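An overview of the molecular structure
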Amino acid sequence: MVNSFLSPSFPLISPRIRSMMEPPRSLNSPDLEINSLQLDNHRESESADSDIGDVDKLPVPQQIHISNITCDSFKISWNMDSRGQDRITHYFIDLNKKEDKSSNKFKHMDVPTKLVAKVVPLPMTVRGHWFLSPRTEYTVAVQTATKQQDGEYAVSAWSEIIEFCTADYSTIQLRQLLQKAEAIAGRMLPFTVFYRNQQREYFQPNSQYYSSRDVQCCRMLPSVKDNSGSHGSPISGKLEGIFFSCNTEFNTGRPPQDSPYGPYRFQIQAELLFNQSTNIYFGDFYCMYTSYHYVIVVLAPRDSKGDMFCRGKLPALDRTNNCLLSCTEEEDGSLSFRHAQDVILEVIYTEPVDLSMGTVSLISGHQLMSLSTLNAKKDPSCKICNISVGR
């Protein structure tokens, strides 16, 4: 299993290690990338040690530098004293996830963190979606090693510890997610309104929801998206917008009467938010340990702040021809709208919306809290909505 994630030019090594000076567990660093390295198949508790005499004979890596960080890789380089360099046969890299009790635990809890690579020119690329997650803080330390005639290793002391954080998904990974979403989207159904459910207080003047409402102007204001969905999505915790829904019931063609967010619903005609002046982007595809799958799309008026954020970060969709959310102009000049049947669409509109542009009414259904996506974590084991770089 491990071999499939490693570069073929570097064979997997399970060295017998004489003794190993464990790096101190301190924290603080930049981002980085993992390609030309090999996993050592011993447990973290089994460290690559050395005799004190051996440590003095090998140069200790200094001034560790991390660069070219992606969501599942980084480049690493360092400086060394020239004395003893000719004896170095391998590099040992100690890679550890920074402890965070509230972090989303990755499914491979037993992945060893000692990486072993034969000596190659620096910088060295380290890559491995099996043990690197996007947007996750790690610590790294390095030591040099020489393989001896008896098969054991003599190693240097550990370098200083460097901290870094892996990057968000790039548009390459997001396009992979988009392809998976398109594969299950189903047929397109017509709709006419976007809607947003909230508690009654949200729509009342001088309510506690002051951060999301401009009371004087009666506007709903954009707020920063939470951390629900894919761990590597570049919109989480960064993009400002207002969440809307547009899914309809198959048998009625109307919005469902149930909602996880509150019994009061704001409805607005679709063309007021989505038209020829609106750009549309794909933001995420995920599930929450259920059979339901969610797709996030972003609607951003052309050249708006939200549009500028999305350009280059998110895959742009053809407004009139995509299988998630489309807007087409009919022969009479009117606009028609369709949404994918088999996914739950979450639509983020990036600009303020005046309440006078729509209506607020009480729905007759139930408040299904189990369907709420607030800070929901993605199921990392789902084969439908995960890609090769993890969550």
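This text goes with the structure placed above it.
First, a word on scope: everything that follows refers to the structure included in this document.

What counts and how
Residues numbered from 1 in each chain as written. Predicted model: local features only at pLDDT ≥ 70, side-chain atom pairs only at ≥ 80, totals over all residues. Heavy atoms only, no water. Patch = residues over 30% accessible without salt bridge, like charges linked within 9 Å, V, L, I, M, F, W, Y side chains within 5 Å. Areas by Shrake-Rupley, 256 points an atom, 1.4 Å probe, with all protein chains shown as cover. Salt bridge = Lys/Arg side-chain N within 4 Å of Asp/Glu carboxyl O. Lys, Arg positive; Asp, Glu negative; His and termini not counted. Charge placed at Lys NZ, Arg CZ, Asp CG, Glu CD. Helix = DSSP H or I, 4+ residues; strand = E, 2+ residues; numbered from the N terminus. Phe/Tyr/Trp six-rings, centres within 6.5 Å; stacked < 30°, edge-to-face > 60°. Buried < 20%, exposed > 50% of the residue type's maximum accessible area, 1.4 Å probe, protein only. Lys NZ or Arg CZ within 6 Å of the ring centre and 35° of its normal. Pairing = 2+ DSSP bridges. Contact = heavy atoms within 4.5 Å. Axes fitted to C-alpha atoms, helices over the stretch in contact; angles between N-to-C directions. Expected span 1.5 Å × (residues − 1). Disulfide = S-S within 2.5 Å. Core = buried A, V, L, I, M, F, W, Y, C linked by side-chain atoms within 4.5 Å.

Okay, a negative patch on the surface next. Residues Glu 329, Glu 330, Glu 331 and Asp 332 make up a contiguous surface patch of negative charge. Examined against the element boundaries, Glu 329 turns out to sit in strand E21 (residues 325-329).

Inspection of the entire model under this criterion finds 10 aromatic pairs. Taking the centre distance of 4.8 Å and the plane angle of 85° together, the rings of Trp 78 and Tyr 91 count as edge-to-face. Taken as a pair, Trp 78 in strand E4 (residues 73-79) and Tyr 91 in strand E5 (residues 90-97) lie far apart in primary sequence, 13 residues in all. For the pair Trp 78 and Tyr 91, a shared accessibility class is recorded, and that class is buried. When the ring of Tyr 138 is compared with that of Phe 164, the centres are 5.7 Å apart and the planes differ by 20°; the resulting orientation is stacked. Here Phe 164 lies in strand E10 (residues 162-165) and Tyr 138 lies in strand E8 (residues 137-147), a separation of 26 residues in the sequence. A relative accessible area of 1% places Phe 164 in the buried class. Among the aromatic residues, those joined into a ring-pair cluster are Phe 191, Phe 194, Phe 274 and Phe 337. In this structure, Lys 313 packs its charged tip against the face of Phe 309, placed 4.6 Å from the ring centre.

Moving on: the sheet that holds strand E20 (residues 316-317). Spatially, 6 strands are ordered E15-E16-E23-E19-E18-E20 in an open sheet, and the strand pairing comes out mixed. A strand with exactly one partner marks an edge of an open sheet, and here the two such strands are strand E15 (223-224) and E20. Here strand E19 (residues 294-301) runs beside strand E23 (residues 344-349); their pairing, made up of 6 bridges, is parallel. Paired with Tyr 294 across the strands is Ile 344, a residue of E23. This element, helix H2 (residues 171-184), spans strand E18 (278-286), E19 and E20 of the sheet and lies at about 85° to E18.

The end-to-end C-alpha distance of H2 is 20 Å, a good match for the 20 Å that 14 residues give at a rise of 1.5 Å each. On its buried side, H2 packs onto E18, E19 and E20.

Considering all chains together, one arrives at 8 salt bridges under this definition. Across the pair Asp 226 and Lys 225 runs a salt bridge whose closest N-O atoms are separated by 3.5 Å. By relative accessible area, Asp 226 is classed as buried at 18%. The shortest N-O distance in the salt bridge between Arg 311 and Asp 303 comes to 2.5 Å. Classification of Arg 311 as partly exposed rests on a relative accessible area of 36%. Among the charged side chains, a salt-bridge network with shared partners connects Lys 98, Glu 137 and Glu 163.

With that out of the way, let us pick up the environment of Ala 117. If you trace the backbone, Ala 117 turns up in strand E6 (residues 114-118). Along the sequence, Ala 117 and Phe 92 sit 25 residues apart, while their C-alpha atoms lie 6.7 Å from each other.

Read across the open sheet, the 3 strands follow the order E3-E4-E7; overall the sheet is antiparallel. Only two strands of the sheet have a single partner each, and these edge strands are strand E3 (62-67) and strand E7 (124-127). Each strand of the sheet is rotated relative to its neighbour by a mean of 30°, with strand direction disregarded. Across 4 bridges, the pairing between E3 and E4 is antiparallel. Pairing of His 65 across the sheet is with Ser 77, part of E4.

Scanning all chains against the criterion turns up 0 disulfides. Counting only cysteine sulfurs, Cys 385 is the nearest neighbor of Cys 382, a cysteine outside any disulfide, at a range of 3.7 Å. Of the residues examined, Cys 382 reaches a relative accessible area of 12% and is grouped as buried.

Judged by nonpolar contacts, the single largest core of 56 residues is most densely connected at Phe 194, Phe 244, Phe 282, Val 295, Val 297, Leu 325 and Val 353. Among the elements that take part in this core, E19 stands out by supplying 7 residues, more than any other. Setting aside residues up to four positions removed in sequence, Val 297 forms contacts with Ile 280, Tyr 281, Gly 283, Leu 317, Leu 324, Leu 325, Leu 345, Glu 346, Val 347 and Ile 348. The next biggest cluster of nonpolar side chains, apart from the first, holds 23 residues, and it includes Ile 64, Phe 74, Leu 132 and Phe 164.

Let's shift gears to the pairing of strand E12 (residues 193-198). With 6 of 6 residues buried, E12 lies mostly within the body of the structure. Of the two faces of E12, the one carrying Val 193, Tyr 195 and Asn 197 and the one carrying Phe 194, Arg 196 and Gln 198 are both buried. Examined bridge by bridge, E12 and strand E17 (residues 264-269) share 6 bridges and lie antiparallel to one another. Paired with Phe 194 across the bridge in E17 is Ile 268.

Glancing now at the side chain of Thr 350. Position of Thr 350 relative to the elements: it lies in the loop between E23 and strand E24 (353-354). For Thr 350, a relative accessible area of 5% puts it in the buried group.

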